[in-house]
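Below are the chains, spelled out letter by letter.
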Amino acid sequence: MRTGLIAFSTLMLCGAAVLAAEPTPPTRTSWVSFRNGLDQRGIAGSTLPEKLELLWEVRTEFGVLGTSAIVGDHVYVPTLDGYLLCLSRIDGKELWKYRSIESEDPKAFAPGFKAAPLVTDTRVFVGDEEGVFHAVDRATGKQVWKYTAGAEIAGGANLYQDKVIFGSHDSFLYCVSSADGKEIWKFQTENRVNCAPAIAGKHTFISGCDEHLRVVDIETGKQVADIPLGSFLIASPAIVGDVLYVGTYAGEVVALNWKEERFVWRFKDAKREFAYNASAVATDDRIIVGGEDRKLHCIDRETGNEVWAFPCPAAIDSSPALVDKRVFFGSKDGSLYAVDLESGTEVWKFAAGRDISAGPAIGEGCLVVGCEGTRGRIFCFGEKP
């Protein structure tokens, strides 16, 4: 147990008492959301040991598609069988689980959680595949409130002051109160919103199936910029200053100056066009993203020229995460990889045995990632004591 965590609560789960550390507020070393921050750059504030070991493994009925969150001694995992799991970071034991429906019938259909959770001091926010957005108490795993949108919520949420922002396949971007879930405003696009909205200052950025990048003022809910992209997007944008970076379904990675509403550069593989479904890591000088072309691409952030490309046997839909000089990501070949940021050479590999589309989360000294498919698995890596 971590030093200073001396308060405990007893939770009753399935008739058994589970002793769990009280949740602590997120810190710099946590991984709190899909891309770990308002700007969604996919960079960890934690460290990882040079040699990673498997610390624990947990099975799920239908697998995991979304990125987990790691805060303090707790790991929050969205599963496709309709459960948000709170697991002990130390040993993977279940502390509580929240179901997307209130039915006690274990055979009743429960909408799955494809989206990554967002964790704050006291709550976990996550949307489900039938369009219900849930606020869950971190200490008890009980529902605080819920908000019903018109269709599936596939992307993670983001937080601006006391406002939670998320998109839906009903074409709307929503802004609701984090305290009680009351709608503050909603902004309509022209098609499904797939992404998690990035935030810079008082502006949020969304992209989706209407082939536009939109900049919205969070305080008013009004659009301040509309930039045609020529392709729909599944990936979520990353922001560095005035420039936004995102891969498109048409096989481009683009850099957009969102204030000037102009393209800085557009990267496209010279051989073939494949979609980019994964979101990018954005460092001070590199953009790293995987694609359906079975490559992890490293692009110079200033020029848009490729620095290196790491080949995989299968597509890469897993959004990468950066820690120190290592880039971690999963592939549909059933493996989890780490490559060196400077050279693009493989430095570590783990054979999970199932497709990995979820992006890895790196926080509190460990890495957590889930696999797809029936009898899916959740893996936690770190350094054994």
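Residues numbered from 1 in each chain as written. Predicted model: local features only at pLDDT ≥ 70, side-chain atom pairs only at ≥ 80, totals over all residues. Heavy atoms only, no water.

K.L.:
Tell me about the overall build of the protein chain, and name the residues and values.
P.N.:
When helices and strands are counted, the protein chain shows zero helices and 34 strands. For 385 residues, the compact-globule formula gives about 21 Å, and the C-alpha radius of gyration of the protein chain, at 19 Å, lands near that figure. Along the first, second and third principal axes, the C-alpha set of the protein chain runs to 60 × 45 × 40 Å. Considering the protein chain as a whole, with its 385 residues, one finds that 62% of them fall into the buried category. Here the protein chain displays about 15,200 Å² of accessible surface, and carbon together with sulfur accounts for 48% of that area. Counting 41 positive and 52 negative side-chain charges, the protein chain places the averaged centre of each group 2 Å from the other. (Helix = DSSP H or I, 4+ residues; strand = E, 2+ residues; numbered from the N terminus. Rg over C-alpha atoms; globule rule 2.2 N^0.38 Å. Buried < 20%, exposed > 50% of the residue type's maximum accessible area, 1.4 Å probe, protein only. Areas by Shrake-Rupley, 256 points an atom, 1.4 Å probe, with all protein chains shown as cover. Lys, Arg positive; Asp, Glu negative; His and termini not counted. Charge placed at Lys NZ, Arg CZ, Asp CG, Glu CD.)

K.L.:
Lay out the side chain of N277 with the relevant residues and their values.
P.N.:
Looking at the element boundaries, N277 is found in the loop between β23 (262-268) and β24 (281-282). A relative accessible area of 18% means that N277 is categorised as buried. At a separation of 3.4 Å, a polar atom in the side chain of N277 contacts the side chain of E292. A distance of 3.3 Å separates a polar atom in the side chain of N277 from a polar atom in the side chain of D317. Setting aside anything within four residues of it in sequence, one finds N277 in contact with I234, A235, Y249, E292 and D317. (Polar contact = N/O pair within 3.5 Å; in protein donor to acceptor, adjacent residues only side chain to side chain. Contact = heavy atoms within 4.5 Å.)

K.L.:
Break down the pairing of strand β15 (residues 183-188) for me, with residues and values.
P.N.:
Sheet analysis places strand β14 (residues 172-177) next to β15, joined by five bridges and oriented antiparallel. The residue bridging C175 from the neighbouring strand is W185, located in β15. Counting the residues in the hairpin turn of β14 and β15 gives five residues, including G181, whose phi is positive at 80°. (Pairing = 2+ DSSP bridges.)

K.L.:
Can you lay out the side chain of D210 for me, pointing to particular residues and giving the numbers?
P.N.:
By the element assignment, D210 lies in the loop between β17 (203-207) and β18 (212-217). Of the polar contacts made by the side chain of D210, one reaches the side chain of R214; its length is 2.8 Å. Not counting residues up to four positions away in its chain, the partners in contact with D210 are T189, E190 and N191.

K.L.:
Can you tell me about the state of the cysteines, naming the residues and giving the values?
P.N.:
Counting across every chain of the model gives zero disulfides. Not part of a disulfide, C195 finds its nearest cysteine sulfur in C209, a span of 10 Å. A residue is classified by how much of its surface remains accessible, and C195, at 1% relative accessible area, is buried. Considering cysteine sulfurs only, C366 is the nearest to C380, which forms no disulfide, with 3.9 Å between them. Of the residues examined, C380 reaches a relative accessible area of 0% and is grouped as buried. (Disulfide = S-S within 2.5 Å.)

K.L.:
I'd love a proper account of the sheet that holds strand β26 (residues 295-300), names of residues and values included.
P.N.:
Taking strand neighbours across the sheet as the criterion, the four strands line up as β24-β25-β26-β27 in an open arrangement whose pairing is antiparallel. At either end of the open sheet lies a strand with only one pairing partner, and these are β24 and β27 (306-311).

K.L.:
Which residues make up the packing of aromatic side chains, and what values go with them?
P.N.:
Overall, the coordinates contain 21 aromatic pairs when judged by the stated rule. Each residue in the set F125, F133, W145, Y147, F166, F172 and Y174 is aromatic and connected to the rest through ring pairs, giving one cluster. Sitting above the plane of the F34 ring, R35 keeps its charged end 5.6 Å from the centroid. In this arrangement the basic side chain of R266 is found over the ring face of F263, its NZ or CZ atom lying 4.1 Å from the centre. (Phe/Tyr/Trp six-rings, centres within 6.5 Å; stacked < 30°, edge-to-face > 60°. Lys NZ or Arg CZ within 6 Å of the ring centre and 35° of its normal.)

K.L.:
So what's going on with the sheet that holds strand β31 (residues 346-351)? Residues and values would help.
P.N.:
Reading across from one edge, β28-β29-β30-β31 is the order of the four strands in this open sheet, with antiparallel pairing throughout. The open sheet is flanked by β28 (321-323) and β31, the only strands paired with a single partner. Along the sheet, successive strands turn relative to each other by an average axial angle of 20°, direction set aside. Here five bridges tie strand β29 (residues 326-330) to strand β30 (residues 335-340), and the two strands are oriented antiparallel to one another. Pairing of F328 across the sheet is with A338, part of β30. (Axes fitted to C-alpha atoms, helices over the stretch in contact; angles between N-to-C directions.)

K.L.:
An account of unusual backbone geometry is needed here, citing residue identities and associated values.
P.N.:
Negative phi values dominate among residues other than glycine, just as trans dominates among peptide bonds. Not every positive phi belongs to a glycine, and R294 is a case in point at roughly 70°. The exposure class of R294 is partly exposed, given its relative accessible area of 46%. For E364, which is not glycine, the phi torsion reads 55° and is therefore positive. We classify E364 as buried; its relative accessible area is 13%.

K.L.:
Can you explain the environment of V323? Please cite residues and give values.
P.N.:
Structurally, V323 is set in strand β28. Accessibility expressed as a relative area gives 1% for V323, which makes it buried. Separated by 292 residues in the primary sequence, V323 and W31 place their C-alpha atoms 12 Å from one another.

K.L.:
Could you give me a rundown of the nonpolar core, with the residues and numbers involved?
P.N.:
Core analysis: the biggest nonpolar cluster contains 33 residues, and F328, I362 and I378 have the highest contact counts within it. Once residues within four sequence positions are removed from consideration, I378 is found in contact with W56, E57, V58, T60, V64, V77, L85, L87, V368, V369 and G370. In terms of nonpolar packing, the next biggest core, distinct from the first, is built from 16 residues, V215, L229, I239 and L244 among them. (Core = buried A, V, L, I, M, F, W, Y, C linked by side-chain atoms within 4.5 Å.)

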